[in-house]
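Geometric and topological summary
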Amino acid sequence: MTEKGLRGGHGTAFNFMALLMAFAGIAGLAVYYFYVLSLYRDRDVSEAYDAYFISHRIRFWNRYQTLYVIPGRIYRTVWERPSFFGRDNVDPPDEDSGGLSIRELVPLRFKLYSCSENYSLRIRVYNQEPGELDLLAGNKSYTARLLKAGVNETVFPVPLEELSCVPGDTLELFLKTSHPVKVLSVGFESVGFEI
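Residues numbered from 1 in each chain as written. Predicted model: local features only at pLDDT ≥ 70, side-chain atom pairs only at ≥ 80, totals over all residues. Heavy atoms only, no water.

**So, the overall build of the protein**
Definition in use: Only DSSP runs of H or I with at least four residues qualify as helices, and only runs of E with at least two residues qualify as strands; both kinds are numbered from the N terminus onward. It only takes one pair of heavy atoms within 4.5 Å for two residues to be counted as in contact. Each accessible area value is a Shrake-Rupley result obtained with a 1.4 Å probe; residue values ignore everything except the protein chains displayed when judging cover.
Tallying secondary structure elements over the protein gives three helices and eight strands in all. Along the protein, helices (α) and strands (β) appear in the sequence α-α-β-β-β-β-β-β-β-α-β when read from the amino end. The long-range fraction of contacts in the protein, counting pairs at least 24 apart against all pairs at least 6 apart in sequence, stands at 65%. Approximately 12,200 Å² of the protein is accessible, and the part contributed by carbon and sulfur atoms is 57%.

Pasting the structure below:
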């Protein structure tokens, strides 16, 4: 066999091996991506992870990966970002801001460890002009009149029957405002624990 013929045989074998390795690499990537897609379909993640990263229902990520709120804890939104605020119509605080900006209709999604007879939502807001702030709980609506421009604080009652409260279930309330306001602090308070 001539020298040219021997070189041609090595080149053909090399080309075949390169083609085989490229095919194996593409097949490996395809298997990997099908695996990743199957994980998405059969995902086993926390509800908070799903609400923030996958379905985009909440505005801020909770590092504890839970939607639970603790009655009596006040969330100061100037430096804290409560994870129970929905994504719609909510803007994070600016660097020189006085709090979390909300407008129109804002969902609050959360869980409770236990259900008492009644809860209340204490909210402190800054508004540039007089107006109203509403809380929609189930079939009931509560209105707070923000009579002056500046800082206003109000407490909304949240009756248990309007929450259909079952410990561990995700509950939903809505804040409604006629003009943009900044939420300075917000917290849930329990009233009359069941015995």
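**Regarding the packing of aromatic side chains**
To be explicit about the condition: Planes of paired rings set the category: under 30 degrees apart is stacked, over 60 is edge-to-face and the rest tilted, where pairs are Phe, Tyr or Trp rings (Trp by its six-membered ring) whose centres lie within 6.5 Å.
Applying the stated rule across the entire model yields two aromatic pairs. Residues Y32 and Y33 carry aromatic rings whose centres are separated by 5.3 Å and whose planes lie at 65° to one another, so their mutual orientation is edge-to-face. When the centroid spacing of 4.5 Å and the interplanar angle of 35° are considered together, the rings of F110 and F188 count as tilted. Of the two residues, F110 is situated in strand β3 (residues 100-110) and F188 in strand β8 (residues 171-191); the sequence distance between them amounts to 78 residues.

**Quick word on the nonpolar core**
Threshold: Only buried residues count toward a nonpolar core. Its members are Ala, Val, Leu, Ile, Met, Phe, Trp, Tyr and Cys residues joined through side-chain atoms within 4.5 Å. Think of it in three bands: with a 1.4 Å probe and only protein chains considered, a residue is buried below 20% of the maximum accessible area for its type, exposed above 50%, and partly exposed in between.
In terms of nonpolar packing, the biggest core is built from 35 residues, with F85 and L175 touching the most fellow members. Broken down by secondary-structure element, the contributors of at least two residues to this core are β3, β4 (118-127), β5 (131-137), β6 (140-146), β7 (150-159), α3 (160-163) and β8. Top contributing element to this core by residue count: β8, with seven residues. Setting aside anything within four residues of it in sequence, one finds F85 in contact with I58, R59, V90, L100, I102, V106, P107, L108, L175, V183 and V186.

**Considerations on the pattern of salt bridges**
Counted only if it meets this: We count a salt bridge whenever a side-chain nitrogen from Lys or Arg sits within 4 Å of a carboxyl oxygen from Asp or Glu.
Under the criterion given, the structure shown has four salt bridges. A salt bridge links E153 to R122; the nearest nitrogen and oxygen atoms lie 3.3 Å apart. Residue E153 is found in strand β7, and its partner R122 is found in strand β4; the two are separated by 31 residues along the sequence. Exposure remark for R122: the relative accessible area of 26% places this residue in the partly exposed category. Note that E132 is salt-bridged to R145, the shortest N-O span being 2.6 Å. Taken together, the residues span a long stretch of sequence, with E132 in strand β5 and R145 in strand β6 at a distance of 13 residues. The exposure class of E132 is partly exposed, given its relative accessible area of 34%. Judged by its relative accessible area of 53%, R145 falls in the exposed class. Sharing partners across several salt bridges, the network here consists of R122, E153 and E189.

**So, the pairing of β8**
Selection rule: Two strands make a pair as long as DSSP finds a minimum of two bridges between them.
One ladder, built from three bridges, connects strand β1 (residues 74-76) with β8; its direction is antiparallel. By the bridge assignment for β8, I74 is matched with G187. Pairing of β3 with β8 involves 10 bridges; the strand directions are antiparallel. In the sheet register, L108 faces β8, and the bridge partner there is L173. As paired strands, β4 and β8 are joined by nine bridges and run antiparallel to one another. Each residue of the ladder has a partner; that of R122, found in β8, is G187.

**Structural notes on a nonpolar patch on the surface**
The test is simple: Residues forming no salt bridge and having over 30% relative accessible area are the ones grouped into patches, like charges within 9 Å of each other and nonpolar side chains (Val, Leu, Ile, Met, Phe, Trp, Tyr) within 5 Å.
Together, L29, Y32, Y33, Y35 and V36 line one region of the surface with nonpolar side chains, adding up to about 540 Å² of accessible area. Looking at the secondary structure, you find L29 in helix α1 (residues 3-41).

**Some words on the side chain of K111**
Assignment of secondary structure puts K111 in the loop between β3 and β4. The class for K111 is buried, based on a relative accessible area of 12%. In this structure K111 touches E47, L67, Y68, V69, G168, D169 and T170, once residues within four positions along its chain are discounted.

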